[in-house]
Each structure stands twice: as C-alpha cells, then as structure tokens.
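Fold and geometry: a report
Now for the letters of each chain:
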Amino acid sequence: METLIIGQGYNLKKNTSVAEELIKQFKSKRYTSFTCLVAFASRGGISPLTPYIREAKANGMQIKIILGVDQKGTSKEALEEVLSWDVDAKIYHTDSVNIFHPKIYLFENEDIFTLIVGSNNLTEMGLVKNIECSLLIKDIVSNQVHNDFYVYWKKILDGSEEALIDITQKNIDDLCYDEIVPSDEQRAKKYDDGSDKKLVEKEKRCSFVKGRLQKLPQGFSISRRVKIAVNNSAKAAKKNSQNKYKYQNILDNVLIAEIGGGPRWKQVNFPVDIFENFFGAHRGDNSYQIELQNVSEGGNSGDVEIRQAVSVKSRNYRFEINCQETQGPYPGDVNRPIGIFIKTDNSKFLYTVLLPEHCNYEKIKEYLYRESKNKDRELKRAIVHTEAMHALYPELID
C-alpha cells in the first residue's frame with residue numbers, strides 16, 4: 001500500500017495540489033473507472049478537468065459524478081459543464097439541515113485503486129489555492145478500505161438513493177429558479193471573494209497578514225469566457241437576473257495594445273509578428289479578412305465588423321476598428337487608448353477599447369508597460385494568457 005499526504009496552498013515551495021494529483025491519475029491511463037462524491041463545485045474547478053474526462057471517456061473509462069448543491073456551494077455553470085461530459089452524473093440534496101459534504105475521488109481498475117479523501121472541493125480554490133489537506137491511498141482492490149467505501153456509500157453509488165436526481169438541463173434550471181443553485185458570479189461573491197458581505201463601519205480589533213496564493217499546476221487550465229449582456233426575461237429578472245449574461249468561449253491568449261494617435265486612430269497598427277502570428281494575416285496579402293466584434297464596458301456587444309488586413313510597403317500593418325470610443329477625439333500620447341483583443345476562433349476576435357477614464361485603465365496600463373518588450377519610443381503591446389486578463393479585468397473575462 002502507498003499513502004501520501006497531499007498538502008496544498010501553504011508550503012508553496014512544494015507546489016502540491018489535488019488538481020495536480022487528479023491530472024496525474026488521468027494521464028496515467030491505467031484506470032478504467034473514476035468516481036467522485038463532492039460537496040461543492042464551480043466552473044473554475046470543473047472546466048479544467050473537461051479535456052481529461054473527455055479523453056478518459058473516449059478510452060472507455062466509466063465515470064460517475066455525485067455533487068452536492070447545499071449552501072449555494074455549487075454553481076449553475078459547474079453543473080452545465082458536467083452535463084456536457086455526458087457521463088453518469090447526479091445531484092444529492094435533501095431539505096434537511098445536514099448537508100452533503102464529502103470530498104472523495106476514486107480511480108480504479110480490476111487490480112488496483114487510488115483513493116483521494118480530504119477537504120478539497122471541485123472548485124479552483126479547493127483544488128489548487130485554498131490551504132487544504134487530503135490523504136491519497138493506493139493499493140490492490142482487496143484492501144478493506146476499498147470494500148468499506150462501497151459498503152458505506154452503496155445506495156448512492158448504485159443509484160437507489162431517493163435523494164438523488166439526474167443532472168439534466170431541466171433540473172439545473174429548476175434548481176436555479178428555486179434559488180438553490182446560484183450563478184458562478186453569485187457563488188464567487190459568497191465563497192471566493194466574500195464581496196457579498198456587508199461592510200461594517202468600525203475599526204477592526206484584529207489584523208492579519210495577506211497570504212499568497214498557489215499557482216495553477218501545469219495542465220489545469222480554466223476555460224475562460226467573455227461575458228456579454230443580454231436582455232433579461234421577466235422570469236430571469238424576478239429570480240436574481242441569473243440569465244443576465246451570455247458567454248463566448250475564448251482561446252488562451254489575449255493581446256493588449258496601445259493605440260497610436262491622430263484623427264485616424266481607428267486604423268490600429270501592429271508589428272508584423274502580431275499581424276501574422278496573432279491575427280493570422282500575411283504581409284503583402286490584403287485579401288485576408290477577420291471578424292471583429294466590440295464589447296463595451298457594460299458588456300454590450302456591437303455589430304460584427306468584417307475587416308480587411310492592410311499591409312503596405314512602409315511596413316505598416318493594420319486593421320480598422322469602429323466602436324463608441326473611437327468616435328471621440330484621440331486622448332493624446334501621454335495616456336493612449338488601450339485595445340484588448342480576444343481570440344474566439346482562428347479569424348474571429350472580440351475587442352474592447354479602454355480610454356483613460358475607464359476604471360481599469362491604470363492597472364492594465366501598468367501591467368502592459370511591465371510586460372511589454374517594446375523599445376521605449378514604441379507603442380506598448382503584449383500577448384498575455386487569459387488568466388492574467390481575468391485577474392486584471394474580471395468584469396470582462398469570466
């Protein structure tokens with residue numbers, strides 16, 4: 001028998017996490033089944049496992065997921081991501097005061113098993129960043145621990161437990177309507193950043209240091225999205241406006257670029273490497289086109305703009321943009337406009353333009369100047385991972 005303590009979030013030099021262990025077990029391809037019983041789940045914890053689940057399923061792995069929805073700890077988006085896996089997936093919930101609170105991950109084949117039991121929920125914080133601890137046990141299936149697991153959880157595992165319901169779109173929508181399941185944004189306010197707490201206007205008696213967060217392990221990549229505002233239905237408005245946004249999936253990299261000056265600043269110039277490697281154009285070929293769509297500060301989307309690549313002999317490479325911000329005068333060279341270009345497909349992009357008065361302008365400018373490799377006199381540009389942009393501008397990238 002092998003045993004291992006999986007510490008997480010405290011000794012950052014170790015950089016160990018349950019997320020890393022889950023990825024390791026999936027990648028090993030030695031197991032034929034995966035079972036998890038977990039209390040809370042968010043899209044940030046579920047979506048990074050999607051590629052591993054889909055590959056394992058394609059290789060014949062049997063997958064069983066049991067999630068809790070108590071205390072608004074599991075989000076609508078997490079349940080919908082699990083639904084997309086098309087596996088044996090259920091919710092355990094009762095109207096009793098006690099809650100469904102296990103955190104169990106089990107990999108098996110006919111000979112051996114690996115069991116992870118501890119405090120780690122299926123959330124980004126729970127799998128990577130929180131200070132957590134779990135025990136990993138690996139042994140042959142004749143081990144009494146393996147037998148005891150199946151004896152104790154028998155009715156939940158065989159599906160005969162009456163408190164189980166299938167994860168279907170109808171059940172997800174009904175749980176949202178009944179205010180049992182929140183949106184990911186509402187869940188994060190409650191559990192991840194605590195921004196739903198009321199501020200108390202009094203001096204604190206206790207002060208604490210600000211702890212550091214553990215980085216995501218390699219291969220644990222959250223699929224980020226852009227939030228686009230939509231008109232709410234009367235039903236959605238009544239129920240906390242849970243359908244306030246629709247979401248557009250995006251690729252991993254985002255371009256942050258200063259926009260040059262003058263009355264023609266709608267014609268945004270780029271270095272040839274960005275023109276070709278980010279936008280997919282080719283120098284000298286003016287037949288190439290891309291789709292651009294503006295997303296405003298409030299999340300409203302503009303019309304799709306079909307834009308032709310412009311490449312001239314003076315080594316000028318550009319695309320034209322057209323949004324509310326570009327209708328006004330150029331704000332000047334001290335605080336240039338900043339464009340954020342987000343790739344959704346090979347030749348499709350969302351973009352937003354930040355002027356100096358934008359609430360996120362200063363911190364994004366500071367980050368751009370720190371990350372840019374351009375010479376001092378050149379416009380600053382940087383291609384960054386969506387995780388960085390999510391941290392800088394979470395209102396835009398979810």
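Coordinates for the structure precede this section.
Bringing the pairing of strand 18 (residues 348-354) into the picture now. The element strand 18 is extensively covered by neighbouring structure, given that six of its seven residues are classed as buried. Where strand 13 (residues 289-295) meets strand 18, four bridges bridge the pair, whose relative direction is parallel. Residue pairing in the sheet places Gln293 in a bridge with Leu350 of strand 18. Across seven bridges, the pairing between strand 17 (residues 338-345) and strand 18 is antiparallel. Looking at the pairing, Ile338 lines up with Leu354 of strand 18. The turn joining strand 17 and strand 18, which pair antiparallel and follow one another in sequence, is formed by two residues.

We now examine the pairing of strand 9 (residues 225-229). Across the five residues that make up strand 9, a large majority, four, are buried. Judged from the five bridges that link them, strand 9 and strand 10 (residues 245-249) form a sheet pairing that is antiparallel. Residue pairing across strands places Ala229 opposite Tyr245, the latter belonging to strand 10.

Strand order in the open sheet made by the three strands is 12-16-15, with antiparallel pairing throughout. Sheet topology places strand 12 (267-270) and strand 15 (310-312) at the edges, where each strand pairs with a single neighbour. Across this sheet, the average inter-strand angle for adjacent strands is 30 degrees, counted without regard to direction.

This next bit is on the layout of surface pockets. As a volume, the largest pocket reaches approximately 1,200 Å³. Glu124, Arg224, His390, Ala391 and Pro394 are the residues nearest the centre of the largest pocket, which is lined by 44 residues in total. For the lining of the largest pocket, the elements supplying multiple residues, two or more each, are helix 2 (43-46), helix 5 (124-129), helix 9 (184-191) and helix 13 (386-392). Looking at side-chain class alone, the lining of the largest pocket contains 15 nonpolar, 13 polar and 16 charged residues.

Attention shifts here to the packing of aromatic side chains. Counting across every chain of the model gives 20 aromatic pairs. Between Phe279 and Phe319, the ring centres sit 5.0 Å apart and the planes meet at 45 degrees, which makes this aromatic pair tilted. Taken together, the residues span a long stretch of sequence, with Phe279 in the loop between helix 11 (272-277) and strand 13 and Phe319 in strand 16 (residues 316-320) at a distance of 40 residues. Neither Phe279 nor Phe319 differs from the other in exposure class; each is buried. Within the aromatic cluster, the residues linked to one another by ring pairs are Phe270, Phe275, Phe278, Phe279, Tyr317, Phe319, Phe341, Phe349 and Tyr351. Sitting over the ring of Tyr191, Lys190 keeps its end group 5.4 Å from the ring centre.

Reading the values: the criteria
Residues numbered from 1 in each chain as written. Predicted model: local features only at pLDDT ≥ 70, side-chain atom pairs only at ≥ 80, totals over all residues. Heavy atoms only, no water. Buried < 20%, exposed > 50% of the residue type's maximum accessible area, 1.4 Å probe, protein only. Helix = DSSP H or I, 4+ residues; strand = E, 2+ residues; numbered from the N terminus. Pairing = 2+ DSSP bridges. Axes fitted to C-alpha atoms, helices over the stretch in contact; angles between N-to-C directions. 1 Å grid on protein atoms, 1.4 Å probe; cavity = no way out; pocket = protein on both sides within 12 Å on 5 of 7 lines; lining within 4 Å. Points joined across faces, edges and corners; volume = space filled by probe spheres on them. Nonpolar A, V, L, I, M, F, W, Y, C, P; charged D, E, K, R; others polar. Phe/Tyr/Trp six-rings, centres within 6.5 Å; stacked < 30°, edge-to-face > 60°. Lys NZ or Arg CZ within 6 Å of the ring centre and 35° of its normal.

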